[in-house]
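Commentary on secondary and tertiary structure
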Amino acid sequence: MEAREWQLDVLKEAGTVGIGNAAKALSSMLCDRMVYVSVPSVRFVPLSEAAWIWGDPEAIILAAYVPFTGGLSGSAVFGLPEDAVRTFMRFMSLAAEVECEMYSIFTEMANIVVTSYLNALSSMTGWVLRPSVPRVAETMAGAVIESVLALMEHTNDSATVIDTTFSLEGGHRLLGGRLILVPDKMSLCGFLQAVEATYCR
Amino acid sequence: MATSVLVVDDTAFMRLTLKNLLTKNGFSVVGEAENGEDAVQKYFELKPDVVTMDITMPKMDGIVALKSILQRDPSAKIIVCSAMGQKPLVIEALASGAKDFIVKPFQPDRVVEALNKVMSGGSA
Amino acid sequence: MIEEIVRTGEIKVISREGCLTALGVGSCVALVLYDPGRLVAGMAHIFLPFSGNGHKSAMASSFLPAKFADTAVEALHAAILKCGASTGGILAKMAGGANLFDSFQGQALDVGKLNGEAVKKALSEMGIPVTGATLGGNFGRTVRFYLPSMRMKIVCGFSREASI
Ligand SMILES: [Mg+2]
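So, here's what we can say about the structure.

Conventions we followed
- Residues numbered from 1 in each chain as written.
- Chains lettered and ligands numbered in written order.
- Predicted model: local features only at pLDDT ≥ 70, side-chain atom pairs only at ≥ 80, totals over all residues.
- Heavy atoms only, no water.
- Helix = DSSP H or I, 4+ residues; strand = E, 2+ residues; numbered from the N terminus.
- Buried < 20%, exposed > 50% of the residue type's maximum accessible area, 1.4 Å probe, protein only.
- Areas by Shrake-Rupley, 256 points an atom, 1.4 Å probe, with all protein chains shown as cover.
- Lys, Arg positive; Asp, Glu negative; His and termini not counted.
- Charge placed at Lys NZ, Arg CZ, Asp CG, Glu CD.
- Pairing = 2+ DSSP bridges.
- Axes fitted to C-alpha atoms, helices over the stretch in contact; angles between N-to-C directions.
- Contact = heavy atoms within 4.5 Å.
- Buried area = accessible area lost by both parts, 1.4 Å probe.
- Salt bridge = Lys/Arg side-chain N within 4 Å of Asp/Glu carboxyl O.
- Polar contact = N/O pair within 3.5 Å; in protein donor to acceptor, adjacent residues only side chain to side chain.
- Nonpolar A, V, L, I, M, F, W, Y, C, P; charged D, E, K, R; others polar.
- Donors = N, O, S within 2.8 Å, 3.2 Å for Na, K, Ca; no water.
- Phe/Tyr/Trp six-rings, centres within 6.5 Å; stacked < 30°, edge-to-face > 60°.
- Patch = residues over 30% accessible without salt bridge, like charges linked within 9 Å, V, L, I, M, F, W, Y side chains within 5 Å.

**Here we look at the overall build of chain B**
Per the secondary structure count, chain B includes five helices and five strands. The 124 residues of chain B split such that 53% are buried. For chain B, the exposed surface amounts to about 5200 Å²; the carbon and sulfur share of it is 50%. Averaging the locations of the 14 positively and 15 negatively charged side chains of chain B gives two centres separated by 3 Å.

**Here we look at the sheet that holds strand β1 (residues 4-8) of chain B**
All names here are of chain B. Strand order in the open sheet formed by five strands is β2-β1-β3-β4-β5, with parallel pairing between adjacent strands. Both outer strands of the open sheet, β2 (28-33) and β5 (100-103), are each paired with one neighbouring strand and no more. With strand direction ignored, the average angle separating the axes of adjacent strands in the sheet is 20°. Those strands touched by helix α1 (residues 12-24) are β1, β2 and β3 (50-53), and its axis lies near 170° from that of β2.

**Comments concerning the interface of chain A and chain C**
Each partner contributes residues to the interface: chain A has 28 residues there, and chain C has 34 residues. Where chain A abuts chain C, roughly 2500 Å² becomes buried across the two surfaces, and 65% of that area is made up of carbon and sulfur atoms. Contact with chain C buries surface across chain A, with Arg135, Glu146 and Asp157 of chain A losing the most and accounting together for 23% of the total. Where chain A meets chain C, there are two salt bridges. Between Glu49 of chain A and Arg7 of chain C there is a salt bridge; the shortest N-O distance is 3.9 Å. Between chain A and chain C we count 10 residue pairs in polar contact (both at pLDDT 80 or more) in total. Only β3 (60-70), β6 (135-140) and α4 (141-151) of chain A provide two or more residues apiece to the side of chain A that touches chain C. Examining the composition of the side of chain A that touches chain C, we find that nine residues originate from one element, α4 of chain A, more than from any other. Among the residues making up the side of chain A that touches chain C, the classes are represented as 16 nonpolar, six polar and six charged.

**Concerning the sheet that holds strand β2 (residues 11-15) of chain C**
Residue and element names in this part refer to chain C. Reading across the sheet, the five strands line up as β2-β5-β4-β6-β7 and stay open at both edges, with mixed pairing between neighbours. The two strands at the open ends of the sheet, each matched to only one other strand, are β2 and β7 (130-135). Strand after strand, the sheet turns through a mean of 15° between neighbouring axes, direction not considered. The pairing of strand β4 (residues 29-35) with strand β5 (residues 40-46) spans seven bridges and is classified as antiparallel. Opposite Val32, over in β5, you have Met43 as the bridge partner.

**Quick look at the coordination of the magnesium ion**
Residue and element names in this part refer to chain B. Protein coordination at the magnesium ion: the donors are Asp10 (OD), Asp54 (OD) and Thr56 (O), at 2.1 to 2.4 Å from the metal. The sequence pattern formed by the donor residues of the magnesium ion is D-x43-D-x1-T. Here Asp10, found in the loop between β1 and α1, pairs with Asp54, found in the loop between β3 and α3 (62-72); they are 44 residues apart in sequence, far enough to count as distant. The pair Asp10 / Asp54 is uniform in exposure class, with both members buried.

**As for the interface of chain B and chain A**
Quite often, the size of an interface is put as the accessible area lost when its parts meet. In this complex, chain B contributes 23 residues to the contact, which on the side of chain A involves 27 residues. At the boundary of chain B with chain A, total buried surface from both sides reaches about 1900 Å², with 62% on carbon and sulfur atoms. The largest share of the area that chain B buries against chain A comes from Phe13, Gln86 and Pro105 of chain B, three residues that together contribute 34% of it. Linking chain B to chain A there are two salt bridges. Across the salt bridge formed by Lys24 of chain B and Glu97 of chain A, the nearest N and O atoms sit 3.0 Å from each other.

**Remarks on the packing of aromatic side chains**
Using the criterion set out here, one finds seven aromatic pairs over all chains in the structure. Residues Tyr65 of chain A and Phe101 of chain C carry aromatic rings whose centres are separated by 4.8 Å and whose planes lie at 40° to one another, so their mutual orientation is tilted. Residue Tyr65 of chain A is located in strand β3, and its partner Phe101 of chain C is located in the loop between β6 (91-96) and α2 (111-125); the two belong to separate chains. You can call Tyr65 of chain A buried: its relative accessible area is 4%.

**Focus on the environment of Phe91 of chain A**
All names here are of chain A. With respect to the secondary-structure elements, Phe91 resides in helix α2 (residues 82-96). By relative accessible area, which is 7% here, Phe91 ends up buried. It is 5.4 Å that separates the C-alpha atoms of Phe91 and Leu30, two residues lying 61 residues apart in sequence. The residues touching Phe91, leaving out its near neighbours within four places in the chain, are Met29, Leu30, Cys31, Arg33, Leu168 and Glu169.

**Comments concerning the pattern of salt bridges**
Tallying each qualifying case throughout the model produces 21 salt bridges over all chains. Of the charged contacts, one joins Lys104 of chain B and Asp9 of chain B as a salt bridge, the two residues approaching to 2.8 Å between their closest N and O atoms. Here Lys104 of chain B, found in the loop between β5 and α5 (108-119), pairs with Asp9 of chain B, found in the loop between β1 and α1; they are 95 residues apart in sequence, far enough to count as distant. Across the salt bridge formed by Arg15 of chain B and Glu34 of chain B, the nearest N and O atoms sit 3.8 Å from each other. Here Arg15 of chain B is found in helix α1, whereas its partner Glu34 of chain B is found in the loop between β2 and α2 (36-46), with 19 residues between them in sequence. Take Arg15 of chain B: its relative accessible area is 11%, and that puts it in the buried class. One continuous salt-bridge network, built from bridges that share partners, spans Glu49 of chain A together with Glu4, Arg7, Glu10 and Lys12 of chain C.

**Things to note about a nonpolar patch on the surface**
Together, Met34, Tyr36 and Leu174 of chain A line one region of the surface with nonpolar side chains, adding up to about 310 Å² of accessible area. You can see Tyr36 of chain A is positioned in strand β1 (residues 35-37).

**So, unusual backbone geometry**
Outside of glycine, negative phi angles account for most residues, and trans bonds account for most peptide bonds. Following Lys104 of chain B, the chain continues to Pro105 of chain B via a peptide bond in cis, the omega torsion being -5°. Along the chain, Pro105 of chain B turns up in the loop between β5 and α5. With a phi angle near 60°, Asp32 of chain A is a residue other than glycine that sits in the positive phi range. Following the sequence through the fold, Asp32 of chain A ends up in the loop between α1 (3-29) and β1.

Following this line, the structure appears as structure tokens:
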């Protein structure tokens, strides 16, 4: 297998175990409702196309930005489109039997979902990956992605993006969200090596 | 007398969830803290029987707070309650003196059991 | 009317009639330089404030002309001159520079603010007057600049709108 192809494969596997664990956590927070996940898409996105990672750059989303450090460092973005926010928050409130301000519920949801994703990556490498406290914004998706990339330590003209989606049944339709992982380029190589060391022995 | 608990977590939602759950099960939540610094200060102010400690928090994380409390009071009973269920970190927390490590999202029974066990002198 | 989408790091120029659009601008700054006399306008979608510690050579690492504020202003100026603008009558309008994420510690880097400051500094060094600016806030914006009206229209979602 070609090196680049192999790298994509490893990142795809990382995305799969990550979103799998995140979905399990999400499901348990939402009274064990079924959470569906997509196959992750791993892309090298030029900076000029970053605003379209979500789809429509003007789509209003509720997003949590979670930078993380450790053997692998980078940024995670957990987001829900405008029309899914109420349902997710209501289900989470019901499950916990707690009435609370929406941003606080969302912050904890993002913390648990992103951390669960990182826990899975941790078990692939044996490394501790430390998420920071989620920072929340409710605005256009393009603005969120662009601002997250601007806050990253190493800004190249492109970013490696592990893009995963999840959804659950809300009423008669599927309500979906996204978890996007943008690893720091500098730490990716070590991560790939560590995964190889634990997986391919 | 009811067991007194200090609930430490940065989100109001999680503090409220734990407070409801514990109160319903006969515990008395005597205080809340939203970061590690706050937790250390409130611990020595309130001297609760048990602390539930989050890890990912602003200012000072829960592991640092746990170590800082245990250094001054080795008899402190602290149960970590965090989404960070990564093996090396769980080992570090328990080795540092945490009585138990509950991974979020948790089943309510798991939390109640952990507190009862700690109060009856057992450990994880 | 032609609508040119100006993506992150890009520069586009129009003349006589048309629209320059930057979609979902967050901490970036959408800067427009225009010449009212010749009806030429260009937009730069600026990503970061500096191209390194004052070393222009750091630009070599980027192929995007508007990636950094300090070099983007010059590049945009050159681009509109090339399309017929006159050195004397150039004016500027800009929007963006938001800080979307509230920070608990208040110590997080405010790239949006730095971007706005870097653009203003570059403009004043080049003697280009700013006729309208809406910067900051914690929300994204879509920015459109129209010729021949020379109006900049800003949409923020949640039905917040402005025109400068
Ligand atoms: Mg927390």
